[in-house]
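Given next are the chains, with one letter for each unit.
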Amino acid sequence: MSTVGIDQIGVYTPAQYIETTELAKRRQVDPNKYTIGIGQNQMAVPNPTTDIVSMGANAARTFLSKVDVSQIGLLVVGTESGIDQSKASALFIKSILNLPNQLRAFEVKEACFGATAGVMMAQDYVKTHPGKTALVIASDISRYGLNTGGEVTQGAGAVAMLISEKPRIVEFLPESASYSDDVNDFWRPNYSETAFVDGKYSTEKYLEFFTHTFDDYLKQTQLKVTDFAALTYHLPFTKMGIKAQRLALENQDEATKTRLTAQFEASSKYCRQIGNLYTGSLYLSLVSLLHQGNLNSGDLIGFYSYGSGSVAEFFAGRLVAGYQNEIATNHMQDFLASRQKLSIDEYEAIYTECGKVKTDDYELTPEAVISDGEVYFAGVKDHLRQYKVKG
Ligand code: CAA
């Protein structure tokens, strides 16, 4: 039977950030609440030249030179930060990346689950179109508003993945366990720039859905917790994953607890430094684990995806021999260390600017771009969003 999985994976996140301890001071909150209680140390801050298209294109550009672009037959963008009510962000990205016209390109929305929906569709597509590959992009800007309970759990970024036969990084196992129910834990009406969230209820549902899907998955596959080298989670903030991991580790021996806890810490490092990527959060955890975990070829990794509203899915994959050659470990760590730190005043000014609804045409010049990526949002002309590549 042919194998399908992640052949390439790339991340983009903004080049500016704030320290959550400084945010805590400004909001008159004990910093330990943010760094320990919620588990977030830094938060990426997008500027006005950054949107889901520019971030998604920049994430894919990290690996496109290593793949045969002419074989990409499907492009799915999972996002809940849409830029248009009709036209899919996937079409803008298709154009920027010069992907072939013989392509099925669209956008998927189901809160933070959107990219996993894309990964599942991509697997089916690759299995039924021999030789073809699929590009799945998760891209989001998480906004809850200044001085709100959710503020410290914001963030921004994109993860792009090429799904193929004979993948070079992770081979998915065929089984998966899903669970859906109509839940009002997080939503964003069309008239609102920021999400409405009942954070505690959302955590409750996230954990409940974890139990449903994880138990179902173990039953289906006859796998045991000890078979996993690591479990990765959708991580809007690291405390949420810590709580799910506690459930997974109940009744396990000390050695298993110690081993999987260390891997969880490795998988949550980038989330602590970047914040919530919504659709990309689970896949950022995977990248963080690949870069900083203690792993070997053949290791089994579990994936827990959750999207408010709510849909959850648990699935798993094995690391392919030689996967280390496909991941640029140092680049990400060097980039995070080189980001520009913003003061809280600067962050608030940028945040307010990004939130302005503009209905007239405007132009953003390359001088305004502070980014590790080369693709940027350049403004609006005749009501159409414009994207440019620097240089
Ligand atoms: N030192 C150490 N810990 C402290 C502390 C201190 N001084 N003060 C408080 N804490 C701890 C608390 O004990 C608590 O820990 P537990 O959760 O383990 O009990 C934690 O810090 C948070 O404290 P509170 O619950 O009092 O904090 P809060 O009322 O400000 O709410 C929050 C926190 C719920 C995370 C809030 O920030 C929030 O609503 N964030 C947004 C929620 C969110 O992102 N939800 C995810 C939805 S799923 C998703 O990603 C969306 C999707 O699908 C679209």
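Coordinates for the structure precede this section.
The model shown is predicted, which means the values in this text are computed figures rather than measured ones.

(A) Geometry of the packing of helix H9 (residues 281–292) against helix H10 (residues 329–338). Where H9 meets H10, the axes come as close as 9 Å, and the angle between the chain directions of the two elements is 110°. By the angle between their directions, the pair H9 and H10 is classed as roughly perpendicular. Between H9 and H10, the residues in contact are Leu284, His291 and Gln292 and Thr329, Met332 and Gln333, respectively. Residues that form the contact of H9 with H10 fall into these classes: 2 nonpolar, 4 polar and no charged.

(B) Examining the sheet that holds strand E2 (residues 16–19) more closely. Spatially, E3-E2-E14 is the arrangement adopted by the 3 strands of the open sheet, whose pairing is mixed. Looking at the sheet topology across the chains shown, the edges are occupied by strand E3 (42–44) and strand E14 (340–341).

(C) Representation of unusual backbone geometry. The peptide bond linking glycine 309 to serine 310 adopts the cis configuration, its omega dihedral lying at -5°. Structurally, serine 310 is set in the loop between strand E12 (300–307) and strand E13 (311–319). Although it is not a glycine, asparagine 147 sits at a positive phi angle of roughly 60°. Considering the arrangement of structural elements, one finds asparagine 147 in the loop between strand E6 (133–142) and strand E7 (155–165).

(D) Molecular detail of a positive patch on the surface. Side chains of Lys33, Lys200, Lys243 and Arg246 sit close together on the surface and give a patch of like positive charge. Take lysine 200: it is sitting in helix H6 (residues 199–221).

(E) Quick look at the packing of aromatic side chains. Applying the stated criterion to the full structure yields 23 aromatic pairs. A ring pair is formed by tyrosine 144 and phenylalanine 186, whose centres lie 6.0 Å apart and whose planes are at 85°; its orientation type is edge-to-face. Here the residue tyrosine 144 occupies a position in the loop between E6 and E7, and phenylalanine 186 occupies one in strand E9 (residues 186–187), the gap between them amounting to 42 residues. Summarising the aromatic geometry, the rings of phenylalanine 210 and phenylalanine 214 are spaced 5.1 Å apart at their centres and angled 15° between planes, so their arrangement reads as stacked. In this pair, phenylalanine 210 and phenylalanine 214 both sit in helix H6, 4 residues apart, roughly one turn of the helix. Across the pair, exposure class does not vary: phenylalanine 210 and phenylalanine 214 are buried alike. Put simply, the rings of Tyr179, Tyr206, Phe209, Phe210, Phe214, Tyr217, Phe228, Tyr233, Phe264, Tyr304, Tyr306 and Phe314 pair up and form one aromatic cluster.

Here is what the cut-offs are and how they apply
Residues numbered from 1 in each chain as written. Predicted model: local features only at pLDDT ≥ 70, side-chain atom pairs only at ≥ 80, totals over all residues. Heavy atoms only, no water. Axes fitted to C-alpha atoms, helices over the stretch in contact; angles between N-to-C directions. Helix = DSSP H or I, 4+ residues; strand = E, 2+ residues; numbered from the N terminus. Parallel < 35°, antiparallel > 145°, perpendicular 65-115°, else oblique. Contact = heavy atoms within 4.5 Å. Nonpolar A, V, L, I, M, F, W, Y, C, P; charged D, E, K, R; others polar. Pairing = 2+ DSSP bridges. Patch = residues over 30% accessible without salt bridge, like charges linked within 9 Å, V, L, I, M, F, W, Y side chains within 5 Å. Areas by Shrake-Rupley, 256 points an atom, 1.4 Å probe, with all protein chains shown as cover. Salt bridge = Lys/Arg side-chain N within 4 Å of Asp/Glu carboxyl O. Lys, Arg positive; Asp, Glu negative; His and termini not counted. Charge placed at Lys NZ, Arg CZ, Asp CG, Glu CD. Phe/Tyr/Trp six-rings, centres within 6.5 Å; stacked < 30°, edge-to-face > 60°. Buried < 20%, exposed > 50% of the residue type's maximum accessible area, 1.4 Å probe, protein only.

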